[in-house]
Amino acid sequence: MTEIQDKPRTTSSSSLDIAPVTGYIGAQIGGVDLREAQPAAVVDEIQDALHKYKVLFFRDQQIGHAEQVAFARQFGAVTPAHPHEENPPEGFPEILPIDSRRYEQNLGRKRTSYDHSWHTDVTALVNPPAASILRADILPPYGGDTAWTNLVAAYEGLPRQLRELADAIDIKHQFAPRAAEGSERARKVAETNLVTFHPAVRVHPVTGERALFVSPGFTRGAREIRGFSPEQSEKILSLLWAEATRVEYTVRFRWAPGSVAFWDNRATAHLAIADAGHLGHDRVLYRVTLEGDVPRGVDGRESELISGTPFYGS
Ligand code: SIN
């Protein structure tokens, strides 16, 4: 069963206050100050909550780059900012700025995030990040929310015959160059050329749950299922994308300065909602990612790297 079975609010064995926010995904975590090193029991509890609720929300955290990276390190190796990031904040190679002012400069128009399609972070890599931690700094007065979807619930909601089809197929993930032609970023995207075939259903290495691993933002470019024609691939992918993003599996988060979202990138996809770019306000968030493993399908088969190199952290 994927539905969250808890009472509306649970106080855990430590001081953590865990409040689920929808029936399938998301919990707000109180009673923790992310500036501090957490006792091992609290780290374990946060990790358990992450696996259960898929995305955790923290409010009013007074943290900067150093504290964000230190918090992340308690959960695993932290990767460099992004395979294509050429300009992280000085002294913080792990921080990816998501900054509307950069997009305005590079693309000539303000957008509130680097991508406005449903995606799981960097699934063009053979080892996509295990988790991501995003911190809000500057926000528009309204708009610019982010949504997440529970890919385990999406898998479990499929009819059996469709689950069996999904279990058996591999999908091509590649990086669509969201960069101005001739720009440094476009050069880096082409040079890195990340392409991987992932099983459409990945088994979570910790929970053993099966997730519908279809990452529309990284599979929409190629639209390719191994062994299927382009027309067949297109139709099957459209169906799986729609199932993965059904509104009942989602949660929408309203950011405020100091908000932090921590998501399980092996069991979710997310969407930066494109409803604020036209308003011209700034939106600045900072992301770090934890090193991930190579996905495995239900029969144990691994993802296949076609181009590029694995992405390791330290
Ligand atoms: C991301 O895709 O990692 C960022 C999401 C956002 O800008 O809301």
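Draft legend 1. Representation of the overall build of the chain. Looking only at helices and strands, one finds 8 helices and 16 strands in the chain. Radius of gyration (C-alpha) of the chain: 19 Å, near the 20 Å computed for a compact globule of 314 residues. Once the C-alpha set of the chain is aligned to its principal axes, its extents read approximately 50 × 50 × 35 Å. Counting all 314 residues of the chain, 55% fall into the buried class. Surface summary for the chain: the accessible area is close to 12,900 Å², and the carbon and sulfur share equals 50%.

Draft legend 2. Spotlight on helix H3 (residues 100-107). Within the sequence span of H3, burial applies to Ser100, Arg102 and Tyr103. Looking down the long axis of H3, one finds its buried residues gathered within 155° of arc, a one-sided arrangement. Those residues of H3 hidden inside the fold are in contact with strand E5 (96-99). The distance from a side-chain oxygen at the start of H3 to the backbone nitrogen of arginine 101 is 2.8 Å, and the residue carrying that oxygen is aspartate 99. Downstream of H3 by one or two residues, glycine 108 has phi in the positive range, about 80°.

Draft legend 3. Structural view of the sheet that holds strand E14 (residues 268-272). Taken together, the 3 strands give an open sheet; going across it, the order is E12-E7-E14, and neighbouring strands pair in antiparallel fashion. The two strands at the open ends of the sheet, each matched to only one other strand, are strand E12 (250-253) and E14. Strand after strand, the sheet turns through a mean of 20° between neighbouring axes, direction not considered.

Draft legend 4. Structural context of the site of the ligand. Neighbouring residues of the ligand: Ile98, Ser113, Tyr114, His119, Asp121, Leu134, Thr146, Trp263, His270, Ala272, Arg283 and Arg287. Side-chain polar atom of histidine 270 to an oxygen atom of the ligand: 2.9 Å apart, as the coordinates give it. Between the ligand and the protein, one listed contact pairs an oxygen atom with a side-chain N or O atom of arginine 283 at 2.8 Å. Within the complex, the protein chains bury 100% of what would otherwise be the 260 Å² of accessible surface of the ligand.

Draft legend 5. Fine view of unusual backbone geometry. Backbone geometry places asparagine 193, a non-glycine residue, at a positive phi of 40°. When you line up the elements, asparagine 193 lands in the loop between helix H6 (184-192) and strand E9 (195-199). For arginine 223, which is not glycine, the phi dihedral falls at a positive 50°. The exposure class assigned to arginine 223 is partly exposed, which follows from its relative accessible area of 28%.

Draft legend 6. Looking closely at the sheet that holds strand E16 (residues 304-307). Pairing is antiparallel across the open sheet formed by 3 strands, whose spatial order is E8-E9-E16. Edge positions in the sheet fall to strand E8 (170-174) and E16, since each has one partner strand and no second. On average, each strand axis in the sheet is inclined to that of its neighbour by 25°, with strand direction left out of account.

Each value, and the rule that gives it
- Residues numbered from 1 in each chain as written.
- Predicted model: local features only at pLDDT ≥ 70, side-chain atom pairs only at ≥ 80, totals over all residues.
- Heavy atoms only, no water.
- Helix = DSSP H or I, 4+ residues; strand = E, 2+ residues; numbered from the N terminus.
- Rg over C-alpha atoms; globule rule 2.2 N^0.38 Å.
- Buried < 20%, exposed > 50% of the residue type's maximum accessible area, 1.4 Å probe, protein only.
- Areas by Shrake-Rupley, 256 points an atom, 1.4 Å probe, with all protein chains shown as cover.
- Arc of directions from axis to C-beta.
- Contact = heavy atoms within 4.5 Å.
- Polar contact = N/O pair within 3.5 Å; in protein donor to acceptor, adjacent residues only side chain to side chain.
- Pairing = 2+ DSSP bridges.
- Axes fitted to C-alpha atoms, helices over the stretch in contact; angles between N-to-C directions.
- Near = heavy atom within 4 Å.

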